[in-house]
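Report on the structure
Given next are the chains, with one letter for each unit.
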Amino acid sequence: MKIDVLTLFPKMFEAFKEESIIGRAIKNKKVEINIHNIRDYTLDKHNRVDDYSYGGGKGMVLMIEPVKRALDSVRTKDSLVIMMTPQGEVYNQKKAYELSKYKHIVLLCGHYEGFDERIRSLVDLELSIGDYVLTGGELASQVIIDSVVRLIDGVIEKDSHLNDSFNNNLLDYPVYTHPAEFEGMKVPDVLLSGNHKLIDKWRYEQSLEKTKNKRPDLLKKEDD
Ligand code: ADE
C-alpha cells in the first residue's frame, strides 16, 4: 500500500514514521508513506496557502489552488482521496478494514479555520476521528494510518487483529501475564488450566460481559 499525506506541518510525521510497528512496516516495504508540504504547491510569490474568509469572520481558510495542485501531483486512477475534517463520516474499525484493501490512499489535512468549501469537490471521502475539534487533520490522519497499516497482511500476526476490540462488536477479553499472583491479585484459574475449549468459552463470556458493562451501544449495532 502507498499512502500520501498532504499537510502544512510535515514535521509532525517524522517520529510517527520511524517508530514501532509503522516504522517496521515501512522498513519491510509493507507500506510506503510520503509526506508532502501543501506550501510547496502554491504559485503565490509569498507562498500563501490560506486567506481571509469571504463575508468576514475570524480565522483563515485553506485555499483551493495549492490543494488542487498538490492533489494532482499524487493522485492516480487507483487513489482514494480522503479529507480529514470533524464534519466527515465518523471513523471506526469497519472503515479501517475497508481502507486496508486500497492500493493508494491520499490523506488531506487541513489547519486554520477550515477548507475552502470547493475543496470538498476534489475528494472521495471525508472522515472524522470523533466528535471533537483538533487544531488540524495531522493527528487524525495518523490515527487512520496507524489503524489501517496494522491490518495490512504481514504487518502484525493476523491472530492479533482478529481478536481486536470492536471485531464482532465486542470489546477485547482481559489478558494476563506473569506473575500468576501479584499482591493478592490472582490470574483466573481457567487461564492456567491448559483447557483451550474452556479458555475460549471464558474469553467469549468475558468479552460479552465487558461490552454489556462498558459499551452496551455496541451490542445494539447490527450493520457492522
Ligand atoms: N480536524 C479537526 N478535527 C478533526 C476530527 N475530529 N477528525 C478529523 N479531522 C479533524
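Residues numbered from 1 in each chain as written. Predicted model: local features only at pLDDT ≥ 70, side-chain atom pairs only at ≥ 80, totals over all residues. Heavy atoms only, no water.

1. What about the overall build of the protein chain?
Across its full length, the protein chain holds nine helices and ten strands. Seen through its C-alpha atoms, the protein chain measures out along the principal axes to roughly 70 × 40 × 35 Å. On the protein chain, roughly 13800 Å² of surface is accessible, and the fraction owed to carbon and sulfur atoms is 51%. With 33 positive and 37 negative side-chain charges, the protein chain shows a spacing of 2 Å between the two charge centroids. (Helix = DSSP H or I, 4+ residues; strand = E, 2+ residues; numbered from the N terminus. Areas by Shrake-Rupley, 256 points an atom, 1.4 Å probe, with all protein chains shown as cover. Lys, Arg positive; Asp, Glu negative; His and termini not counted. Charge placed at Lys NZ, Arg CZ, Asp CG, Glu CD.)

2. Observations concerning the sheet that holds strand 7 (residues 114–115)
Read across the open sheet, the three strands follow the order 3-4-7; overall the sheet is mixed. Strand pairing shows two members of the sheet lacking a second neighbour, strand 3 (50–52) and strand 7, which therefore form its edges. Relative to strand 4 (residues 60–62), strand 3 is paired through three bridges, and the arrangement is antiparallel. Bridging across to strand 4, D50 finds its partner in L62. (Pairing = 2+ DSSP bridges.)

3. Examining the site of the ligand
Neighbouring the ligand are M84, T85, P86, L127, S128, I129, G130, Y132, V133, L134, G136 and A140. I129 is positioned with one of its backbone polar atoms (N or O) 3.0 Å from a nitrogen atom of the ligand. Between the ligand and G130 there is a distance of 3.2 Å, counted from a nitrogen atom to a backbone nitrogen or oxygen. In isolation the ligand offers 260 Å² of accessible surface; the protein chains occlude 96% of this area. Among the elements of the structure, strand 5 (79–90) and strand 8 (125–128) are those that each provide at least two residues to the shell around the ligand. Here the element with the most residues in the shell around the ligand is strand 5; it accounts for three residues. In the shell around the ligand, the residues fall into eight nonpolar, four polar and no charged. (Near = heavy atom within 4 Å. Polar contact = N/O pair within 3.5 Å; in protein donor to acceptor, adjacent residues only side chain to side chain. Nonpolar A, V, L, I, M, F, W, Y, C, P; charged D, E, K, R; others polar.)

4. Observations concerning a nonpolar patch on the surface
Judged by side-chain polarity, F9, M12, Y112, Y132, L134 and L139 come together as a nonpolar surface patch covering roughly 530 Å² of accessible area. Note on placement: F9 falls in the loop between strand 1 (2–7) and helix 1 (14–18). By relative accessible area, F9 is classed as partly exposed at 32%. (Patch = residues over 30% accessible without salt bridge, like charges linked within 9 Å, V, L, I, M, F, W, Y side chains within 5 Å. Salt bridge = Lys/Arg side-chain N within 4 Å of Asp/Glu carboxyl O. Buried < 20%, exposed > 50% of the residue type's maximum accessible area, 1.4 Å probe, protein only.)

5. Side note on the domain arrangement of the protein chain
Entries for the protein chain in the domain assignment read domain 1 (2–157) and domain 2 (163–223). Listed as interface residues are five residues of domain 1 and, on the opposing side, five residues of domain 2. For the pair domain 1 and domain 2, the summed buried surface comes to about 330 Å²; carbon and sulfur atoms form 29% of the total. In terms of surface lost to domain 2, no three residues of domain 1 exceed Q93, Y97 and R150, which account for 74% of the buried area on that side. Along the contact surface separating domain 1 from domain 2 lie zero salt bridges. Linking domain 1 with domain 2 are zero residue pairs in polar contact (both at pLDDT 80 or more). (Domains from an automatic or database assignment. Contact = heavy atoms within 4.5 Å. Buried area = accessible area lost by both parts, 1.4 Å probe.)

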